[in-house]
Amino acid sequence: MSGSSCRPWAGTLPEIGSCRPPTSRRRPRHQEGRTPRLVGTIQNRDVVEELSLRQLSHFVAAAEAGSMTKAAQALHVSQSAVSLGVADLERQLGVQLLLRQRAKGLTLTAAGQRLITDARALLGRAEELRVGAQDLGRSPRGRLVVGCFQTIGPFVMPGLLGTFHAEHPGVDLDFVEGSLVDLQSMLLAGRCEVALLYDMDIMSGIERETVYTTTPYVLLAPEHPLADDLSVRLSDLAAHDMIMLDFPPSRHHFSSVLAAAGVIPRIRHSTANFEMVRSLVARGYGFSMLIQRLEVEVSYEGLPLVTRPLADPIDPTPVVLAWPTSVQLTRRAQAFMAHCRKVLQCGPSNRPSWAFLMHRARTSRFTSRGSAPMLAVVTRMQSFEEHR
């Protein structure tokens, strides 16, 4: 049969290379080992042969959007197509996957919660296979979602978005933020492929590798009694009020560091907002302990701040790349991890790289004018920095 006579068969997964529509007949015994299935979720081979990636994508989109209409908009298909795809999937599996409630929209049933993780993984691998087949020998392509701990994000993600895109322009990099628990749950649920977080309270089923390490420091107002010291002993903090960053696991970590020195902190205010901590300290309400360090030592109100290292020996806190143990990482995720190892090996840099500044200079609207003044200024600054 010629290629022009082949037709796609909607709603099914025919064998690769076949131009014939699949039938409902059971495969010969010697071919049963080839049957695709969702590991740990669906065991009936006859049912799995009828499933399609389209049905699974409709189901995942509907579950994530909480609405058939929103899912249809995200997939650029009609609402009836999404509803029919989900209904066919439920009929073939013999279970209800989504609860349809007028007030709450769509919610996952227990069976749906069990299926969606495997469905996301299968769709991700299918996309990786499609993109990989199209781009053999080329750089990774496609969409990559990474997770980042909320207080780490502002220090690393803006830079990574630029440098990773420059190295892998075919990858559409996006990110989600959250607490340690949130990020690990998203990893295990397939909502993101890898995540940058602290090596604390890591769940089972999560692998990680250290990218860089950090140590806590003391944040003070310039008029604070301890601000004149070059370094601060933990025991000296016992007599002063503390502004506690109360975002898990920060409170537990800082309390443990102080407790190891026999200090019970006098907590005057607690807040989950990193910048609120800095503003309260700048106003003189107390000291704080933080890990991520800003280059500009002023608060939102423009008030000055002072940072001092701890005189006590403190174990460093690793920042790690984490990913699910049971998942095979895509080429996109592997490329991102390799990029993080290279760019973050010495920790986050708050100053843009010269490569980034040169890129901005070349693409700036000012360079459209003959003399390209911005590019010239950046080039001279780079030369001065290198020979300083």
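Rules used throughout
- Residues numbered from 1 in each chain as written.
- Predicted model: local features only at pLDDT ≥ 70, side-chain atom pairs only at ≥ 80, totals over all residues.
- Heavy atoms only, no water.
- Helix = DSSP H or I, 4+ residues; strand = E, 2+ residues; numbered from the N terminus.
- Buried < 20%, exposed > 50% of the residue type's maximum accessible area, 1.4 Å probe, protein only.
- Areas by Shrake-Rupley, 256 points an atom, 1.4 Å probe, with all protein chains shown as cover.
- 1 Å grid on protein atoms, 1.4 Å probe; cavity = no way out; pocket = protein on both sides within 12 Å on 5 of 7 lines; lining within 4 Å.
- Points joined across faces, edges and corners; volume = space filled by probe spheres on them.
- Nonpolar A, V, L, I, M, F, W, Y, C, P; charged D, E, K, R; others polar.
- Pairing = 2+ DSSP bridges.
- Axes fitted to C-alpha atoms, helices over the stretch in contact; angles between N-to-C directions.
- Salt bridge = Lys/Arg side-chain N within 4 Å of Asp/Glu carboxyl O.
- pLDDT = per-residue confidence, 0-100.
- Contact = heavy atoms within 4.5 Å.
- Core = buried A, V, L, I, M, F, W, Y, C linked by side-chain atoms within 4.5 Å.
- Phe/Tyr/Trp six-rings, centres within 6.5 Å; stacked < 30°, edge-to-face > 60°.
- Lys NZ or Arg CZ within 6 Å of the ring centre and 35° of its normal.

(A) Looking closely at the overall build of the protein. A count of helical and extended segments in the protein gives 12 helices and 12 strands. Expressed as a percentage of its 388 residues, the buried residues of the protein come to 39%. Of the roughly 21800 Å² of accessible surface on the protein, a fraction of 53% belongs to carbon and sulfur atoms.

(B) Summary view of the layout of surface pockets. Approximately 1300 Å³ is the volume found for the largest pocket. Along its surface, the largest pocket is lined by 38 residues, and R120, A121, L123, G124 and G190 are the ones closest to its centre. The element that contributes the greatest number of residues to the lining of the largest pocket is helix α5 (residues 110-134), accounting for nine residues. Of the residues belonging to the lining of the largest pocket, the class tally is 20 nonpolar, eight polar and 10 charged.

(C) Seen up close, the environment of M276. Tracing the backbone through its elements, the reader meets M276 in helix α9 (residues 274-282). With relative accessibility at 40%, the residue M276 sits in the partly exposed group. Between the C-alpha atom of M276 and that of L245, which follows or precedes it by 31 residues, the distance is 8.8 Å.

(D) Local environment of the sheet that holds strand β7 (residues 217-220). Sheet architecture is open: three strands sit in the order β10-β7-β11, paired in antiparallel fashion. In this open sheet, the two strands that pair with only one neighbour each are β10 (288-290) and β11 (306-309). Within the sheet, the average angular offset between the axes of one strand and its neighbour, ignoring direction, is 35 degrees. Relative to β10, β7 runs antiparallel, the two being bridged by three bridges. Across the sheet, the residue bridging to L219 is S288, located in β10.

(E) Just the pattern of salt bridges, in detail. Taken as a whole and assessed by the stated rule, the structure comprises 15 salt bridges. A salt bridge links D246 to R251; its shortest N-O distance comes to 3.4 Å. Bridged by salt links that share partners, the residues E64, R120 and R191 form one connected network.

(F) Structural view of the confidence of the model for the protein. Predicted confidence across the protein gives a mean pLDDT of 81, with 74% of residues reaching 70 or more. Counted against residues more than four places away or in other chains, residues 1-43, with its pLDDT under 50, gives 51 contacts. Note that pLDDT drops below 50 for residues 366-371; the model gives that stretch seven contacts with residues more than four away or on any other chain.

(G) Just the nonpolar core, in detail. Formed by 69 residues in total, the largest nonpolar core has its most connected members in V156, L196, L197, L237, M289 and F336. Filtering out sequence-adjacent residues up to four positions away, L197 remains in contact with F149, I152, L180, L183, Q184, I202, P318, V319, V320 and A322.

(H) Seen up close, the packing of aromatic side chains. As enumerated under the stated definition, the model contains four aromatic pairs in all. With a centroid separation of 5.3 Å and an interplanar angle of 70 degrees, the aromatic rings of F149 and Y198 are classed as edge-to-face. Of this pair, F149 sits in strand β3 (residues 142-149) while Y198 sits in strand β5 (residues 194-198); the two residues are 49 residues apart in sequence, bridging distant segments of the chain. Neither F149 nor Y198 differs from the other in exposure class; each is buried. Seen from their ring centres, F155 and F274 are 6.0 Å apart, and the 80 degrees between their planes marks the pair as edge-to-face. Highlighted residues: F155 in helix α6 (residues 153-167) and F274 in helix α9, separated in sequence by 119 residues. Since its relative accessible area comes to 11%, F155 is described here as buried. F274 gets classed as buried once you look at its relative accessible area, which sits at 14%. Counting every residue linked through ring pairs, the aromatic cluster contains F149, Y198 and F247. Cation over ring: R293 sits above Y217, and NZ or CZ is 4.1 Å from the ring centre.

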